[in-house]
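Inside the fold
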Amino acid sequence: MADSAAQEFDILVLGGGSGGYAAALRGVQFGMSVGLIEKGKLGGTCLHNGCIPTKALLHTAEIADGARDSEKYGVKANFDSIDMEGVNKYKDGIVAGKHKGLQGLLKQKGVNVIEGAGKLVAEDTIEVDGQQYKGKNIILATGSYSKSLPGLEIKDRVITSDEALKLDYVPKSVVVLGGGVIGCEFASVWKSFGVDVTIVEALPSLVPNEDATIVKNLERSFRKRGINFSTGVRFEGADQRDDGVTVKLEDGKTFDADLLLVAVGRGPVTDGLGYEEAGVTMDRGFVITNERLHTGVGNIYAVGDIVPGLQLAHRGFQQGVFVAEEIGGLNPAVIDESGIPRVTYCEPEIASVGLTEKDAKEKFGDDSVQVQEYNLAGNGKSSIIGTGGLIKLVQEKDGPVVGVHMIGSRMGEQVGEAQLIVNWEAFPEEVAQLIHAHPTQNEALGEAHLALAGKPLHG
């Protein structure tokens, strides 16, 4: 708890997740006093209930698949079973190490961490357990929670990603409600663990925000892996029993499973925190800001999952840095939401940045968009690690590349160059003249740009 002399801060941050702690760390670099209020654990959803633990499970899944398929690589190994106690020990160890590191970093940099549940009680004041703290600038960064559907109670055999991360056994069968990023990642993990998985998605396709070519490729890959899915029909209800759950769709179809994972997205944590009473504009629980993340009230800003847009840890992190720099007088460039890289860490991985073909045609017109696909079958490293997939480039005709969309094992690692291409508005000819190391999956990006520049060497 901050001591009684440290009641007033230049910056007071409510929420210690990716957006909140990034703002705090950048704020102290300006010589400002910073208070960071957190009711749970520093690091928030990403570190404790999201990105980090789910990716640990996905790595375990990759190793399980490697053991199953080892003979085709000339290694004699047997896949016996998944030891969930061992899996959780490994996962929790990663999280604990990162948590300890973050705590140490904030302390070392001089951020005043205030433990407890905070509430905005005036446009410059947050109350924590009866104690008031003032901030010349206030940053709201209270994050998100796993949503459910009306009438669907989360208990026993109906779980969210929070409970899924704490499972101490491998279920025989699971129905995953929601075919977005979270649903596809858990479905992928469980399939690798030997679970019978069915995804139920009301929209016409899985990962509906991705480019149509990538979606088709993912659905084909999931079918090949034996991951079942139903799309285009809405969920009606779920009946729990002692030994399982029956999921009903509006067309009368039913699915029986041990568990139902509800992965229908994340909602903003803003209820009862005094935002509306302070005059902050709200819409369905989200905090509405201008493009500079200011709420229009006093010196109150908002960052991360409570601001409408992509709910990604790295978006929140960047917004936290942006707001601290705004307060520090640097007048930073506005964050371009379409330039934020997106990765879905299922098997195969999806990585994308910029506009889909459909979005580009809506923006520039059907005749002003060129696309290029490069199949990973022609890529040496992809063949070595045993993956298929593709890279799809979307270009404004005679202009820069405005979208890069990739699918295949480990392709998330290629999103770094992809975001530079899109955000620096590179032309295909400019990328084509860069040398991409051989043999890497990265050179597939180079080959795709060679082809788009009109000089394909391998096709």
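In short, a report on the structure.

With that out of the way, let us pick up the sheet that holds strand E8 (residues 158-159). Strand order across the open sheet formed by 5 strands is E8-E15-E9-E10-E11, with parallel pairing between neighbours. Each edge of the open sheet carries a strand with a single partner, namely E8 and strand E11 (228-231). Helix H6 (residues 181-192) contacts strand E9 (173-177), strand E10 (196-201) and strand E15 (259-262) of the sheet and is inclined by roughly 165° relative to E10.

Below, the discussion takes up unusual backbone geometry. In the segment running from Glu347 into Pro348, the intervening peptide bond is cis, with an omega of 5°. Of note, the bond from His438 into Pro439 is cis; its omega dihedral lies within 30 degrees of zero at -5°. Within the element layout of this structure, Pro439 appears in the loop between helix H12 (428-432) and helix H13 (443-452). With a phi close to 25°, Val207 is a non-glycine residue in the positive phi region. Along the chain, Val207 falls in the loop between E10 and helix H7 (212-225). The backbone phi angle of Arg410 is positive, close to 65°, even though this residue is not glycine. Position of Arg410 among the secondary structure elements: in the loop between strand E24 (401-408) and helix H11 (415-423).

Right, let's get into the state of the cysteines. Any covalent bond linking the sulfur atoms of two cysteines counts as a disulfide. Under the defined criterion, the tally for this structure stands at 0 disulfides. Cysteine Cys346 shares no disulfide, and the gap to the nearest cysteine sulfur, in Cys184, comes to 5.4 Å.

Let us look at the nonpolar core. Ranked by internal contacts, the top residues of the largest apolar core, which has 43 residues, are Ile139 and Tyr275. Those elements that place two or more of their residues in this core are strand E1 (8-14), helix H1 (18-28), strand E2 (34-38), helix H4 (84-108), strand E5 (125-128), strand E6 (131-140), strand E19 (300-302) and helix H8 (313-327). With near-sequence residues (within four places) excluded, Ile139 lies in contact with Ile11, Leu12, Val13, Leu14, Ala23, Tyr301, Val303, Val323 and Ile327. If you look at the next biggest cluster of nonpolar residues, it comprises 37 residues, including Ala164, Val189, Ile199 and Leu390.

Glancing now at the sheet that holds strand E13 (residues 244-249). Pairing is antiparallel in the open sheet, where 3 strands are placed in the order E12-E13-E14. Sheet topology places strand E12 (235-241) and strand E14 (254-257) at the edges, where each strand pairs with a single neighbour. Direction aside, neighbouring strands of the sheet carry axes that sit 15° apart on average. Relative to E14, E13 is paired through 4 bridges, and the arrangement is antiparallel. Pairing of Val245 across the sheet is with Ala257, part of E14.

This part is about helix H3 (residues 51-68). Look at H3: 26 Å from first C-alpha to last across 18 residues, which is about the 26 Å you get at 1.5 Å a residue. Turning to H3, its buried residues are Pro53, Thr54, Ala56, Leu57, Leu58, Thr60, Ala61 and Ala64. Buried residues along H3 sit in contact with helix H2 (44-48), H4 and H6.

Let us look at the side chain of Arg315. Positionally, Arg315 belongs in helix H8. Those residues in contact with Arg315 that sit more than four places away from it in its chain are Gly304, Val307, Pro308, Gly309, Leu310, Glu337 and Ile340.

As a further point, take a positive patch on the surface. Together, Lys72, Lys216, Arg220, Arg223 and Lys224 make up a positively charged patch on the protein surface. Relative to the helices and strands, Lys72 is located in the loop between H3 and H4. Exposure remark for Lys72: the relative accessible area of 60% places this residue in the exposed category.

This part covers the pairing of E12. For E12 and E13, the ladder comprises 6 bridges, and the chain directions are antiparallel. Bridging from a neighbouring strand, Gln240 pairs with Val245 of E13. Joining the antiparallel neighbours E12 and E13 is a turn of 2 residues.

This part covers H1. Counting buried residues in H1 gives 10 out of 11 residues, a clear majority hidden from the surface. On the buried face of H1, the contacting elements are E1, E2, H2, H4, E6 and H8.

Contact geometry of H6 with H7 gives a least axis separation of 11 Å together with a crossing angle of 25°. Judged on the interaxial angle alone, H7 and H6 are roughly parallel. Crossing handedness for the pair H6 and H7: left-handed. Here H6 contributes Cys184, Ser188, Lys191 and Ser192 to the contact with H7, which in turn contributes Leu218, Phe222 and Arg225. Its residues assigned to classes, the contact of H6 with H7 shows 3 nonpolar, 2 polar and 2 charged.

Under the counting rule described, the total for this entry stands at 19 salt bridges. Of the charged contacts, one joins Arg410 and Glu62 as a salt bridge, the two residues approaching to 3.2 Å between their closest N and O atoms. Note that Arg410 is positioned in the loop between E24 and H11 and Glu62 in helix H3, a separation of 348 residues in sequence. Note that Arg225 is salt-bridged to Asp65, the shortest N-O span being 4.0 Å. Of the two residues, Arg225 sits in helix H7 while Asp65 sits in helix H3, which places them 160 residues apart along the sequence. Put simply, Asp211, Glu357, Lys361 and Lys392 are held in one network by salt bridges that share partners.

Procedures and definitions
Residues numbered from 1 in each chain as written. Predicted model: local features only at pLDDT ≥ 70, side-chain atom pairs only at ≥ 80, totals over all residues. Heavy atoms only, no water. Pairing = 2+ DSSP bridges. Helix = DSSP H or I, 4+ residues; strand = E, 2+ residues; numbered from the N terminus. Contact = heavy atoms within 4.5 Å. Axes fitted to C-alpha atoms, helices over the stretch in contact; angles between N-to-C directions. Disulfide = S-S within 2.5 Å. Core = buried A, V, L, I, M, F, W, Y, C linked by side-chain atoms within 4.5 Å. Buried < 20%, exposed > 50% of the residue type's maximum accessible area, 1.4 Å probe, protein only. Expected span 1.5 Å × (residues − 1). Patch = residues over 30% accessible without salt bridge, like charges linked within 9 Å, V, L, I, M, F, W, Y side chains within 5 Å. Areas by Shrake-Rupley, 256 points an atom, 1.4 Å probe, with all protein chains shown as cover. Salt bridge = Lys/Arg side-chain N within 4 Å of Asp/Glu carboxyl O. Lys, Arg positive; Asp, Glu negative; His and termini not counted. Charge placed at Lys NZ, Arg CZ, Asp CG, Glu CD. Parallel < 35°, antiparallel > 145°, perpendicular 65-115°, else oblique. Left-handed = near helix turned anticlockwise from the far one by under 90°. Nonpolar A, V, L, I, M, F, W, Y, C, P; charged D, E, K, R; others polar.

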